[in-house]
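Residue-level listing of the chains:
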Amino acid sequence: MLKKFIRRFLPDHHKIKKQKALKVFGTLLHDPNLWHLNRRSASGAFGVGLFFAFWPVPFQMWLAAGAAIPLRVNLPLSVATVWITNPFTMPPIFYGAYLVGATILGTDTQAFHFQLSWDWVVQSIETIGPAFLLGCGVCSIVFGLAGFLGLNYIWRWSVVKAWQVRQAKYAASRARLRK
């Protein structure tokens, strides 16, 4: 079942609550809904994580955690989902977001070469920045919503399949008893 699959990858919530970095959230972390894994909390957490994964900021996990608490969705899953954009996947994902933004704005894409300097960042904000930020916003909304709806559908489908398997086993056992 999907719940067992997801639970294998999530850390223990008692260990997470003891993290010093999360003391900022105080007693808000004691809400049991943040740690339960059900269809609503998992699909909401996946949507929140994907939403913030497309934000080009270094503190995406904090944003995902901060949104998961008032939305009362699974906190570890929302923070873990943000790691879809990791140092290896970030360049193609953010380049794709730039292409989406340039397409929406109707501007030509510009060739650029990344440099780790403040001057490059300032110059890029003026040239490719609007298309990049618009693309990140659009991708954030689209993929966050698609992640929420997709996981919600997959969860429901797996529950229906499990019920059908159980019903078939029950019907087979009743048929054997009748013979």
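Residues numbered from 1 in each chain as written. Predicted model: local features only at pLDDT ≥ 70, side-chain atom pairs only at ≥ 80, totals over all residues. Heavy atoms only, no water.

**Q** How should I be thinking about the nonpolar core in this particular structure?
**A** If you look at soluble globular proteins, the nonpolar side chains tend to sit buried side by side. By size, the foremost hydrophobic cluster in this structure holds 19 residues, and its most contacted members are Leu29, Leu34, Ala42, Val48, Phe52 and Leu75. Contributing elements (two or more residues each) for this core: α3 (39–53), α4 (60–71), α5 (75–81) and α8 (129–178). The element contributing the most residues to this core is α4, with five residues. Those residues in contact with leucine 75 that sit more than four places away from it in its chain are Leu29, Leu34, Trp35, Ala65, Ala68 and Ile69. (Core = buried A, V, L, I, M, F, W, Y, C linked by side-chain atoms within 4.5 Å. Buried < 20%, exposed > 50% of the residue type's maximum accessible area, 1.4 Å probe, protein only. Helix = DSSP H or I, 4+ residues; strand = E, 2+ residues; numbered from the N terminus. Contact = heavy atoms within 4.5 Å.)

**Q** Even after reading the chapter, I still don't get a nonpolar patch on the surface, so can you show me in this structure?
**A** On the surface, Trp118, Val121, Val122 and Ile125 cluster together into a nonpolar patch covering about 410 Å² of accessible area. In this structure, isoleucine 125 sits in helix α7 (residues 118–127). Classification of isoleucine 125 as exposed rests on a relative accessible area of 51%. (Patch = residues over 30% accessible without salt bridge, like charges linked within 9 Å, V, L, I, M, F, W, Y side chains within 5 Å. Areas by Shrake-Rupley, 256 points an atom, 1.4 Å probe, with all protein chains shown as cover. Salt bridge = Lys/Arg side-chain N within 4 Å of Asp/Glu carboxyl O.)

**Q** Help me understand unusual backbone geometry, please; the structure alone is not making it clear to me.
**A** Comment: phi is negative for the bulk of residues other than glycine, and the bulk of peptide bonds are trans. Positive phi is not limited to glycine here, since arginine 72 has a value of about 55°. Mapped onto the elements of the fold, arginine 72 is located in the loop between α4 and α5. Judged by its relative accessible area of 38%, arginine 72 is partly exposed.

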